[in-house]
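These are the residues of each chain, in order.
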Amino acid sequence: MSGTVVAVSCNEEYSFTKPNRESVTLLAGLGVEGDVHAGVTVRHRFRVRQDPTQPNLRQVHLMHEELFAEVAEAGFEVGPGELGENITTRGIDLLGLPTGALLRIGDEAVVEVTGLRNPCAQIDAFQRGLMKQVVGRGEDGRVSYKAGVMGVVRVGGRVRPGDGIGIELPDGPLRPLERV
């Protein structure tokens, strides 16, 4: 399985959306250079209030472009960076990856997938009713999160739209993604 980077986004200030960039630089152990969520310890304001010493398992937010077409069918218009993601992808089932999968992005960067994005109420502030499109219930009744995955940077490097993305699955039994 392989895919492509559609867009890259970052913002040095807290805001829901992130402007698209020509490229971003991933920094090992930190996240996206110049992004408000980069750091060794947690940077999301809610989580900082809970425990600022938590490790930052949400250094990079990746979202699949295919979600935009899905929510468009329900009348929502969403583009790259508008839901706060750093890297918008195409052609990869991000939500189906196991915990610990490695995404080799471009020539150098490697991101380890840590879990599912736990979306917040800001999604409905962005577009009322959108939260129901990205959080729902599967046929088995379990909560389903569709707002992308989170990861940590294992190997830094520059990432640009058009870069390829390769996937390396972890050894041993595969563990499904959980919220982080």
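Each remark here, short or long, concerns the structure printed above.
Now for a quick tour of the structure.

Each value, and the rule that gives it
- Residues numbered from 1 in each chain as written.
- Predicted model: local features only at pLDDT ≥ 70, side-chain atom pairs only at ≥ 80, totals over all residues.
- Heavy atoms only, no water.
- Helix = DSSP H or I, 4+ residues; strand = E, 2+ residues; numbered from the N terminus.
- Rg over C-alpha atoms; globule rule 2.2 N^0.38 Å.
- Buried < 20%, exposed > 50% of the residue type's maximum accessible area, 1.4 Å probe, protein only.
- Polar contact = N/O pair within 3.5 Å; in protein donor to acceptor, adjacent residues only side chain to side chain.
- Contact = heavy atoms within 4.5 Å.
- Disulfide = S-S within 2.5 Å.
- Lys, Arg positive; Asp, Glu negative; His and termini not counted.
- Salt bridge = Lys/Arg side-chain N within 4 Å of Asp/Glu carboxyl O.
- Pairing = 2+ DSSP bridges.
- Core = buried A, V, L, I, M, F, W, Y, C linked by side-chain atoms within 4.5 Å.

**Description of the overall build of the protein**
So, point 1. Regarding its fold elements, the protein presents four helices and 13 strands.
So, point 2. Taken over C-alpha atoms, the radius of gyration comes to 15 Å for the protein, in line with the 16 Å a tight globule of 180 residues would show.
So, point 3. Along the three orthogonal principal directions, the C-alpha set of the protein runs to about 35 × 35 × 35 Å.
So, point 4. Here the protein holds 180 residues, and 45% of them are scored as buried.

**What about the side chain of Thr114?**
So, point 1. If you trace the backbone, Thr114 turns up in strand E8 (residues 109-116).
So, point 2. On the basis of relative accessibility, which here comes to 14%, the residue Thr114 falls in the buried class.
So, point 3. One polar contact links the side chain of Thr114 to the main-chain carbonyl oxygen of Leu57, over a distance of 2.6 Å.
So, point 4. Leave out the neighbours within four places in its chain, and Thr114 touches Leu57, Thr99, Met150, Gly151, Val152 and Val180.

**Some remarks on the state of the cysteines**
So, point 1. The tally for this structure, following the rule as stated, stands at zero disulfides.
So, point 2. Of all cysteine sulfurs in the structure, the one in Cys10 sits closest to Cys120, which takes part in no disulfide; the separation is 19 Å.
So, point 3. Under the relative-accessibility criterion, Cys120 is labelled partly exposed at 34%.

**Looking at the side chain of Arg58**
So, point 1. Structurally, Arg58 can be placed in the loop between helix H1 (45-50) and strand E5 (60-64).
So, point 2. Of the side chains with opposite charge, Asp35 lies nearest to the buried Arg58, which makes no salt bridge, at 10 Å.
So, point 3. Of the polar contacts made by the side chain of Arg58, one reaches the backbone oxygen of Val180; its length is 2.4 Å.

**A look at the sheet that holds strand E12 (residues 157-159)**
So, point 1. On the basis of which strands lie adjacent, the open sheet formed by three strands has the order E4-E3-E12 and antiparallel pairing. Of all strands in the sheet, those with a lone pairing partner are strand E4 (31-32) and E12, marking the two edges.
So, point 2. As paired strands, strand E3 (residues 24-27) and E12 are joined by three bridges and run antiparallel to one another. Within E12, the position partnered with Leu26 by the bridge is Gly157.

**Describing the nonpolar core**
So, point 1. Of all hydrophobic cores here, the largest spans 25 residues; its most connected members are Leu26, Leu62, Ile87, Leu103, Ile105 and Val159.
So, point 2. Listing elements by their share of this core, those giving two or more residues are strand E1 (2-9), E3, E5, strand E7 (102-105), E8 and strand E11 (149-155).
So, point 3. Sort the elements by how many residues they give to this core and E8 lands first, with four residues.
So, point 4. The contact partners of Val159, leaving out residues within four places of it in the chain, are Val5, Val8, Ser23, Val24, Leu26, Ile87, Ile105 and Ala109.
So, point 5. Counting residues in each nonpolar core, the second largest holds 13 residues, with Met63, Val78, Ile123 and Leu130 among its members.

**Some thoughts on the pattern of salt bridges**
So, point 1. What the rule picks out here adds up to five salt bridges.
So, point 2. In this structure, the salt-bridge partner of Arg90 is Glu65, at a minimum N-O distance of 2.7 Å. Separated by 25 residues along the polypeptide, Arg90 in strand E6 (residues 87-90) and Glu65 in the loop between E5 and helix H2 (66-72) bring together distant segments of the chain.
So, point 3. Among the residues examined, Arg90 registers a relative accessible area of 41% and is labelled partly exposed.
So, point 4. Residue Glu65 is classed as partly exposed on the basis of its relative accessible area, which comes to 23%.
So, point 5. A salt bridge links Lys146 to Glu70, with the nearest nitrogen and oxygen atoms 2.8 Å apart. Highlighted residues: Lys146 in the loop between strand E10 (143-145) and E11 and Glu70 in helix H2, separated in sequence by 76 residues.
So, point 6. Residue classification places Lys146 among the partly exposed residues on the basis of a relative accessible area of 24%.

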